[in-house]
Amino acid sequence: MTTVVSRNLSAPRVLVVLVAVITVFGALLADFIIPAGAAQHLRNDAWPPHAKFHDAQYIAMSILLGGLALTLLLRRDGATRTRLWTACAILATPWLGLLAAMLFPGTAVHDPEFAATTIVGLHPQVLLAVILLALLAVAVTLSARHRD
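Rules used throughout
- Residue numbering note: each chain is counted from 1, following its sequence as written.
- Whole-chain, interface and lining totals are the exception, using all residues; otherwise, since this is a predicted model, local features are given only for residues with pLDDT of at least 70 and side-chain atom pairs are given and counted only at 80 or more.
- Remark: hydrogens and water are excluded; side-chain values derive from all non-hydrogen atoms of the structure.
- For helices the rule is a DSSP run of H or I covering at least 4 residues; for strands it is a run of E covering at least 2, with both sets numbered from the N terminus onward.
- Burial here depends on accessible area, computed with a 1.4 Å probe over protein chains only, as a share of the maximum for the residue type. Under 20% is buried, over 50% is exposed, and the range in between is partly exposed.
- In this description, contact between two residues means that some pair of their heavy atoms is separated by no more than 4.5 Å.
- Residue burial considers only the protein chains on display, and all accessible areas are found by Shrake-Rupley using a 1.4 Å probe.
- By the counting rule applied here, Lys and Arg register as positive and Asp and Glu as negative, while His and the ends of each chain are not counted.
- The atom standing in for a charge is NZ when the residue is Lys, CZ when it is Arg, CG when it is Asp and CD when it is Glu.
- For every element, the axis is a line fit to its C-alpha atoms; helices are fit only across the contacting stretch, and the angle between N-to-C directions ranges from 0 to 180 degrees.
- Two helices crossing with the near one rotated counterclockwise from the far one by less than a right angle form a left-handed crossing, whereas a clockwise rotation gives a right-handed crossing.
- Residue classes follow a fixed rule: Ala, Val, Leu, Ile, Met, Phe, Trp, Tyr, Cys and Pro count as nonpolar, while Asp, Glu, Lys and Arg count as charged, and any other residue, Gly among them, counts as polar.
- Here a pair means two rings of Phe, Tyr or Trp (six-membered ring of Trp) with centres within 6.5 Å. Their orientation is stacked below 30 degrees between planes, edge-to-face above 60, and tilted elsewhere.
- Charges are assigned to positions over rings by a cutoff of 6 Å between ring centre and Lys NZ or Arg CZ, combined with an angular limit of 35 degrees from the ring normal.
- In the cavity and pocket records, a cavity denotes points on a 1 Å grid over the protein atoms alone where a 1.4 Å probe fits but cannot get out, a pocket denotes an open set with protein on both sides within 12 Å along at least 5 of 7 lines, and lining residues are residues with an atom within 4 Å of a point.
- Grid points are joined across faces, edges and corners, and a volume is the space filled by probe spheres set on the points.
- Within this scheme, the nonpolar core is defined by two criteria: the residues are buried Ala, Val, Leu, Ile, Met, Phe, Trp, Tyr or Cys, and they are joined through side-chain atoms within 4.5 Å.
- Expected helix span is given by 1.5 Å per residue-to-residue step, counting one fewer step than there are residues.
- Bend, at a single residue, is the angle you get between axes fitted to the 7 residues ending at that residue and the 7 residues starting at it.

Undergrad: Outline the overall build of the chain, supporting the account with residue identities and numerical values.
TA: Assigned secondary structure in the chain consists of six helices and zero strands. Helices (α) and strands (β) of the chain occur, in sequence order from the N terminus, as α-α-α-α-α-α. Principal axes of the C-alpha set define a box for the chain whose edges measure 60 × 30 × 25 Å. Looking at the chain residue by residue over its 148 residues, the buried ones come to 31%. In the chain, of all internal contacts separated by at least 6 residues, the share reaching a separation of at least 24 is 69%. Carbon and sulfur atoms make up 72% of the accessible area of the chain, which totals about 8,800 Å². Distance from the positive charge centre (10 side chains) to the negative charge centre (7 side chains) of the chain: 21 Å.

Undergrad: Account for the packing of helix α2 (residues 11-33) against helix α5 (residues 80-101), naming residues and giving values.
TA: Where α2 contacts α5, the axes come no closer than 10 Å and their chain directions differ by 35°. When you trace α2 past α5, the crossing you get is left-handed. Contact residues: Pro 12, Arg 13, Val 16, Val 19, Ala 20, Ile 22 and Thr 23 in α2; Thr 80, Arg 83, Leu 84, Ala 87, Cys 88, Leu 91, Pro 94 and Trp 95 in α5. Its residues placed into classes, the contact of α2 with α5 shows 11 nonpolar, two polar and two charged.

Undergrad: Break down the packing of aromatic side chains for me, with residues and values.
TA: For any pair of aromatic rings, the description consists of the separation of the ring centres together with the inter-plane angle of the planes. On inspection of all chains with the given rule, the structure shows zero aromatic pairs. A cation over an aromatic ring shows up here: Arg 43 above the ring of Phe 32, its NZ or CZ 4.3 Å from the ring centre.

Undergrad: Could you give me a rundown of the layout of surface pockets, with the residues and numbers involved?
TA: Considering only enclosed or pocket space, the largest pocket measures out at about 620 Å³ in volume. In terms of lining, the largest pocket is formed by 19 residues, of which the most central are His 41, Trp 47, Asp 55, Ala 108 and Gln 125. Mapped onto the lining of the largest pocket, the elements with two or more residues apiece are α4 (49-74) and α5. The element best represented in the lining of the largest pocket is α4, accounting for four residues. Considered class by class, the residues forming the lining of the largest pocket number eight nonpolar, eight polar and three charged. One number sums up the size of the second largest pocket: a volume of about 460 Å³.

Undergrad: Report on the environment of Arg 75, specifying residues and quantitative values.
TA: If you trace the backbone, Arg 75 turns up in the loop between α4 and α5. Ignoring anything within four residues of it in the chain, the contact list for Arg 75 reads Arg 13 and Arg 83.

Undergrad: Lay out the nonpolar core with the relevant residues and their values.
TA: Val 16, Leu 91 and Leu 136 are the most contacted members of the largest nonpolar core, which totals 24 residues. Of all the elements in the fold, those that place two or more residues in this core are α2, α4, α5 and α6 (124-145). Top contributing element to this core by residue count: α5, with eight residues.

Undergrad: Residues and numbers for α5, please.
TA: Look at α5: 32 Å from first C-alpha to last across 22 residues, which is about the 32 Å you get at 1.5 Å a residue. The largest bend in α5 comes to about 35°, at Thr 93, with the proline Pro 94 one to four residues further on. Within the span of α5, buried status applies to Thr 80, Arg 83, Leu 84, Ala 87, Cys 88, Ile 90, Leu 91, Ala 92, Pro 94, Trp 95 and Leu 98.

Undergrad: Tell me what's going on with the side chain of Ser 62, and back it up with residues and numbers.
TA: Note on placement: Ser 62 falls in helix α4. Among the residues examined, Ser 62 registers a relative accessible area of 3% and is labelled buried. Ignoring any residue separated from it by four or fewer positions in sequence, one finds Ser 62 in contact with Thr 23, Val 24, Ala 27 and Pro 94.

Printed below as a string of structure tokens:
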């Protein structure tokens, strides 16, 4: 029998809460607060105001989606798996959007004046998106194996 405490601290829930926290704070920190990242984004004097608007929109969207997912994850009443899967879908949205943005003509994951830093051949943002999406997939798979 699963207790409320064990359901609240399950591995899938911990993974999804981790992704939610990263989603809430990641874009804000990387694009606005941490100087090296902010210089490439909202504090980049070469960016026109409309580009900064869309980055700010992405930051706000990430905070809102991460907060919504956390709200679902931290509730304690029934339908735990449904809430977890819904939170996963919500959290996948900005990360899938980041990957999909690379398919549009004229886009790039970094501006030409900044070094093309890579980790295992991927831009750090792309790598983070892939890792977080993989964590969400693991959480869904693990939760599918167990009954609520």
